Amino acid sequence: MRRINPGSVNSYIRYGNVKIPKSIQSECPECRSTAEFVINANFQSSKNGLLTESSCPACKKSTVFIIMTKDGHDEGDHADTYIYDVQASKHLINHIESLPNIPKDLIRAYRSAINVHQTRENSATAVMSKRVIESILKHFLKEKSKGQPLSQQLEILPNHVDLAKPIQSLSQLLATEGSLNRMLELETEMDYETTSLLVDLLENIIEYLFVLPGKIEVTHSKIAKKFN
């Protein structure tokens, strides 16, 4: 499942007390092209939401959309909408390959770890998982990673990675006299493309500060509990 950013909704229609998408600009789960999906009004409804479909204009394949209309929305609220995208929900590889500065050996090792895990090759998954961690540490620690156990490498990692840089870089982007800040203060108009980028930025900040640390903490607790 992949949540649709509100900025990616081109138009809405009303359904009871909430507004639901009529057309959505999104990446197709099948052909991965970005296209406008016109939502089929032939809904399958339940107490929590609506299930409907739309065909991709590029590949003509049908895609499922889930629109949450459960209680809790105020009058005029926009319903949360999700697209059924198995690849996006399961595989980080679909995202990291397009990011800058990702080591190629890290991508290959991670892809191999995913593949052997899916075939239930437990020993091979362990080997490839270690290789992924080693590749990450080598990328940041360089020569300092040689001969050191993984625990020590992880301990010194924060000394070699500027973890604050992604957030601090926003200070320049949101400078008082900057174009984006003037748009946020409604001093100048913001076009649709910019609003979509802004919504992406909001999601990135929330994921960086809240979602990712929370996921690591939850997974750490589960692993610690399993081996204690």
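Everything that follows concerns the structure shown earlier in this document.
Since we're looking at a predicted model, the values are computed, not measured.

## Details of the pattern of salt bridges
Link 1 in the chain: If you walk through the whole model with that rule in mind, you get five salt bridges.
Link 2 in the chain: Where Glu134 meets Lys130, a salt bridge forms, and the shortest distance between an N and an O atom there is 3.9 Å. Of the two residues, Glu134 and Lys130 both sit in helix α4 (residues 122-141), four residues apart, roughly one turn of that helix.
Link 3 in the chain: When salt bridges with common partners are traced through the structure, they connect Glu27, Arg32 and Asp85 into a single cluster.

## Remarks on the packing of aromatic side chains
Link 1 in the chain: In the structure shown here, the tally under the stated rule is two aromatic pairs.
Link 2 in the chain: Taking the centre distance of 6.0 Å and the plane angle of 80 degrees together, the rings of Tyr15 and Phe43 count as edge-to-face. Here Tyr15 is found in strand β2 (residues 9-15), whereas its partner Phe43 is found in the loop between β4 (34-38) and β5 (44-45), with 28 residues between them in sequence.
Link 3 in the chain: The partly exposed category is assigned to Tyr15, whose relative accessible area is 33%.
Link 4 in the chain: Judged by relative accessible area, which is 22%, Phe43 ranks as partly exposed.
Link 5 in the chain: Relative to Phe65, the ring of Phe37 has its centre 5.6 Å away and its plane inclined at 65 degrees; by these criteria the two rings are edge-to-face. Note that Phe37 is positioned in strand β4 and Phe65 in strand β7 (residues 62-68), a separation of 28 residues in sequence. Of the two residues, Phe37 and Phe65, both sit in the buried class.

## Quick word on the pairing of β4
Link 1 in the chain: Going residue by residue along β4, you find Ala35 and Phe37 tucked away on one face and Thr34, Glu36 and Val38 left uncovered on the opposite face.
Link 2 in the chain: Here strand β3 (residues 18-27) pairs with β4 via five bridges, running antiparallel. Each bridged residue has a counterpart across the sheet, and for Gln25 the counterpart in β4 is Glu36.

## Section: the side chain of Thr81
Link 1 in the chain: Structurally, Thr81 is set in strand β9 (residues 80-83).
Link 2 in the chain: A polar contact is formed between the side chain of Thr81 and the backbone oxygen of Ala79, at a distance of 3.4 Å.
Link 3 in the chain: The residues touching Thr81, leaving out its near neighbours within four places in the chain, are Arg2, Arg3, Ile4, Pro21, Ile24, Phe65, Ile66 and Ile67.

## Examining helix α3 (residues 104-118)
Link 1 in the chain: With 15 residues, α3 should cover 21 Å at 1.5 Å per step; its first-to-last C-alpha distance of 21 Å lies within 8% of that length.
Link 2 in the chain: The positive-phi residue at the C-terminal boundary of α3 is Arg120, with phi of around 60 degrees.

## Quick notes on the packing of α3 against α4
Link 1 in the chain: The interhelical angle for the contact between α3 and α4, taken along N-to-C directions, is 160 degrees, at an axis separation of 8 Å. By the criterion of interaxial angle, the relationship of α3 to α4 is roughly antiparallel. When you trace α3 past α4, the crossing you get is left-handed. Counting all contacts with α3, which are made through Asp105, Leu106, Ala109, Tyr110, Ser112, Ala113, Val116 and His117, the residues of α4 involved are Ala124, Thr125, Met128, Ser129, Arg131, Val132, Ser135 and Ile136.
Link 2 in the chain: Split by residue class, the contact of α3 with α4 holds nine nonpolar, five polar and two charged.

About the cut-offs
Residues numbered from 1 in each chain as written. Predicted model: local features only at pLDDT ≥ 70, side-chain atom pairs only at ≥ 80, totals over all residues. Heavy atoms only, no water. Salt bridge = Lys/Arg side-chain N within 4 Å of Asp/Glu carboxyl O. Helix = DSSP H or I, 4+ residues; strand = E, 2+ residues; numbered from the N terminus. Phe/Tyr/Trp six-rings, centres within 6.5 Å; stacked < 30°, edge-to-face > 60°. Buried < 20%, exposed > 50% of the residue type's maximum accessible area, 1.4 Å probe, protein only. Pairing = 2+ DSSP bridges. Polar contact = N/O pair within 3.5 Å; in protein donor to acceptor, adjacent residues only side chain to side chain. Contact = heavy atoms within 4.5 Å. Expected span 1.5 Å × (residues − 1). Axes fitted to C-alpha atoms, helices over the stretch in contact; angles between N-to-C directions. Parallel < 35°, antiparallel > 145°, perpendicular 65-115°, else oblique. Left-handed = near helix turned anticlockwise from the far one by under 90°. Nonpolar A, V, L, I, M, F, W, Y, C, P; charged D, E, K, R; others polar.

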